[in-house]
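# Tertiary structure, described
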Amino acid sequence: MSDSISSLARYRVIAGREDEFLEIIDRHWTTLRDLELVTDRAPEVYVGSERGVEGPIVVEIFDWVDEDATRRAHTHPLVSGVWEAMGPLCEGRNGGSPFEFLSLRRRSADA
């Protein structure tokens, strides 16, 4: 079993800002990979919508190399710069926050 931790991030992107946000998402994984904070497994990025709520949703799924990688990311200025660029492109909707993050362990098929 791997020590990697899967991250599922959901971003509520401001309408009309999707392309700009997706460019930052591309830079996000590249930055994390260059710093060896994520595995080689390419991220999955989905664009969609929430039922009954206007505005696009972007979901990003990637794997941190270990449990401590997220702490290291939070203290690195290159990562902080990418995250700070994301904030102004997202908004809270219907009482929900602009972004949500889950840290998950992948369950093996034979478990």
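The following paragraphs examine the structure supplied in this document. (Residues numbered from 1 in each chain as written. Predicted model: local features only at pLDDT ≥ 70, side-chain atom pairs only at ≥ 80, totals over all residues. Heavy atoms only, no water.)

### Let's talk about the side chain of Ser7
Mapped onto the elements of the fold, Ser7 is located in strand β1 (residues 5-12). What Ser7 contacts, discounting residues up to four positions off in sequence, is Glu60, Ile61, Phe62, Trp64 and Leu102. (Helix = DSSP H or I, 4+ residues; strand = E, 2+ residues; numbered from the N terminus. Contact = heavy atoms within 4.5 Å.)

### Quick word on the environment of Ser49
For Ser49, the location among the structural elements is in strand β2 (residues 44-50). Look at Ser49 and you get exposed, because its relative accessible area is 60%. If we skip the residues at most four places from it in the chain, Ser49 touches Gly55 and Ile57. (Buried < 20%, exposed > 50% of the residue type's maximum accessible area, 1.4 Å probe, protein only.)

### Observations regarding the environment of Thr70
Within the fold, Thr70 resides in helix α2 (residues 69-74). Between the C-alpha atom of Thr70 and that of Ile5, which follows or precedes it by 65 residues, the distance is 9.4 Å.

### With respect to the packing of aromatic side chains
One pass over the full model with this rule turns up five aromatic pairs. On the numbers, 6.0 Å between centres and 35 degrees between planes, the contact of Phe99 with Phe101 is tilted. In this structure an aromatic cluster arises from ring pairing among Tyr11, Phe21, Phe99 and Phe101. (Phe/Tyr/Trp six-rings, centres within 6.5 Å; stacked < 30°, edge-to-face > 60°.)

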